[in-house]
Every structure is written in structure tokens, then in C-alpha cells.
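Below, each chain spelled out in residue letters.
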Amino acid sequence: MRLATWNVNSLAVRLPQVLDWLATHPVDALCLQELKLSDDKFPFDALRAAGYEAVVHGQKTYNGVAILSRQPLRDVVRNIPGFADEQARAIAATLDTPAGSLRLVNGYFVNGQEPGSEKFAYKMRWLDALEGWLRTELAQQPRLALLGDFNIAPEDRDSYDPEGLRETIHHTSAERAHFQALLALGLVDAFRLFEQAPKSFSWWDYRMLGFQKNRGLRIDHILLSPALRPLVQACHVDRAPRKNKQPSDHAPVVVELNL
DNA sequence: ATGACGGTGTGGCACCGA
């Protein structure tokens, strides 16, 4: 089975590209971030016609997350339990497969803008709460995948300019410590289980020919629990949709599991 | 220090993203 994550930066604009991509990459589940639309505007019908059910936690203008799946999803959780959040940034659901069930957690992690800012403090609080929630989720369902736009470049090799951008947003020690805290839960970065080309990124700035110059960051990730690690077959970034007309600034990340 | 690009919502631009 294949799972994927994609920050689409407005599903209203990107729906045709999502449908095109699913037609050629019929993943079992796709986690979307930055829908930028309320639940009543979510394109359930178009996705169902393409063979996908959806569970959604939407928000007008900003944020918004959804999980699309070819099979039914159950036990849906919207946002981080016990963490009061005005922003729609997380959704979890369980997917049943013939070989057993799988918990999917989809996050649109806080950007944080600038170290020292109130938004950065919110990012730290959000990450703390996420880690507590995942500890609970892992205890209930050992087969868990955390997918999403983490807004963290975990290591220097995940940035086009690690020296110039040291301790700036996405690169700070505090953010990287939180990424390590997720790994300390037993999760593993699926992308780094395989040999990858140098300068592999998942996001490129729209400005200054960022994509053409490969001035990017690897901030979209798929983390797998210990029970899933032996099943992982491959993980890669699909850069092709970033070459579309009117692309999202992010590219999809895909993982293949022997399930 | 700032803007560059793109989306949204508003209203002739501001805000946000990363």
C-alpha cells in the first residue's frame, strides 16, 4: 500500500491537480494540508467520483487538513485532544486493511514565522501537545504513520542554505529538538531509510525562481512507528507536480508499505 | 532591512505563508 502527504496551498485552486495526480498515482491514502476552505466547500463529490472517501477538518482562508482514502476511515479525531486550538491543523483516522488496521495522523504544523515571536511560542506549544497525543495514540495503535507539513528541516542536508539560514525559522535548534522528540517516541523518518539524491527537498519558494534553482527545504515528512518500519519498501518526493502550471509550493511525499 | 510569488478576503490593498 502507498500513503502520501501533500500541502496543496488551497484545495479550491489545486483540486484539478490533486485529481490528476491521484489518477496517475492511485495511493491508498493521501493526507492534505492547507485546504484553505471550510467543510461545506470541501469537494466530497469530485473525490468520491475519483474513488476516494474523505475526512476533513477545514477552516476558511487558512490551514485545514483532510485524509483521503480508497477505503473507509474510522475513529476520526480533529485537532489535538486537550489542546485548545483555533486553527485546524490536525486530523487522525484509522484505516482498515486486509492485513490489519493502521492509524494515520495528518498534521499541518505551525510555521512559527520567527524565533522569539508569539507565533514561534505557539509552534513550540503545539509541538509539545502533539508529542503527548502521539504517545497516547501509539499506545492504542502500534501501527501508526505521522504525515504532514512539519515546517521543520530536520538536518542541515534538508536545506538549500543551512549555513546562511542557521537558527532561522525551520532551522532552529528548538524546532529540530522537537523533531528529535518525535523520533524518540520510536518514529522513524521514512525518507532517510533509503538512499536519496543530495539536495532532495519538498518545498520551494515561489519567488526568485526557487524551484528552478532548487532552493528548497525538506519540511514535509512521513514518520513511521516501530511496528511499521519493517514493512517500508520505499519513500520519495514526487517533484513532478511542482512543474505544473499554478503549482503548490510543496510537492507530494510518498511511502510504500508492504501491507 | 526589504521584496520577490501566490492565495484569500477585502476593497483599491493587507495578511499570511516558509
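The sections below set out a description of the structure shown in this document. (Residues numbered from 1 in each chain as written. Chains lettered and ligands numbered in written order. Predicted model: local features only at pLDDT ≥ 70, side-chain atom pairs only at ≥ 80, totals over all residues.)

**Brief notes about the overall build of chain A**
Right, on to step 1. For chain A, the helix and strand inventory stands at four helices and 14 strands.
Right, on to step 2. Its C-alpha atoms give chain A a radius of gyration of 17 Å, within 12% of the compact-globule value 18 Å for 259 residues.
Right, on to step 3. The dimensions of chain A, computed from C-alpha atoms along their principal axes, are 45 × 40 × 40 Å. (Helix = DSSP H or I, 4+ residues; strand = E, 2+ residues; numbered from the N terminus. Rg over C-alpha atoms; globule rule 2.2 N^0.38 Å.)

**Quick notes on unusual backbone geometry**
Right, on to step 1. Positioned with a positive phi, K36 is a non-glycine residue whose angle comes to about 60 degrees.
Right, on to step 2. Mapped onto the fold, K36 is located in the loop between β2 (29–33) and α2 (44–49).
Right, on to step 3. Positive phi is not limited to glycine here, since M208 has a value of about 60 degrees.
Right, on to step 4. Checked against the element boundaries, M208 lands in the loop between β10 (203–204) and β11 (216–217).

**With respect to the nonpolar core**
Right, on to step 1. With 70 residues, the main nonpolar core has L32, A66, L104, A145 and I222 as its most contacted residues.
Right, on to step 2. No other element matches the six residues that helix α3 (residues 118–140) contributes to this core.
Right, on to step 3. Not counting chain neighbours up to four residues away, the residues in contact with A145 comprise L3, L102, L104, I222, L224 and L228. (Core = buried A, V, L, I, M, F, W, Y, C linked by C-beta atoms within 7 Å. Buried ≥ 20, exposed ≤ 12 C-beta atoms within 10 Å, placed from the backbone. Contact = placed C-beta atoms within 7 Å.)

**Considering the protein's contact with DNA strand B**
Right, on to step 1. In the vicinity of DNA strand B there are 22 residues, among which S10, T61, N111, Y206 and R207 approach most closely.
Right, on to step 2. The residue inventory of the surface near DNA strand B, partitioned by class, reads seven nonpolar, nine polar and six charged. (Near = placed C-beta within 6 Å. Nonpolar A, V, L, I, M, F, W, Y, C, P; charged D, E, K, R; others polar.)

**Quick word on the sheet that holds strand β8 (residues 144–149)**
Right, on to step 1. Strand order in this open sheet of six strands is β5-β6-β7-β8-β12-β9, and the pairing throughout is mixed. Either end of the sheet is taken by a strand with one partner, and the two such strands are β5 (73–78) and β9 (188–189).
Right, on to step 2. In terms of strand pairing, strand β7 (residues 100–108) meets β8 through six bridges, oriented parallel. Among the inter-strand pairings, V105 is bridged to a residue of β8, identified as L146.
Right, on to step 3. Across the sheet, α3 lies against β6 (90–97), β7 and β8, angled at about 175 degrees from β7, the strand it touches most. (Pairing = 2+ DSSP bridges. Axes fitted to C-alpha atoms, helices over the stretch in contact; angles between N-to-C directions.)

**Here's the deal with the sheet that holds β2**
Right, on to step 1. Strand order across the open sheet formed by six strands is β3-β4-β2-β1-β14-β13, with mixed pairing between neighbours. Of all strands in the sheet, those bounded by a partner on one side alone are β3 (53–57) and β13 (232–237). With direction set aside, neighbouring strand axes in the sheet form an average angle of 10 degrees.

**Regarding the pairing of strand β14 (residues 253–257)**
Right, on to step 1. Extensive coverage of β14 is indicated by the burial of four of its five residues.
Right, on to step 2. In this structure, strand β1 (residues 2–7) lies alongside β14, joined through four bridges in antiparallel fashion. Residue pairing in the sheet places R2 in a bridge with E256 of β14.
Right, on to step 3. Pairing of β13 with β14 involves five bridges; the strand directions are antiparallel. In the sheet register, V232 faces β14, and the bridge partner there is L257.

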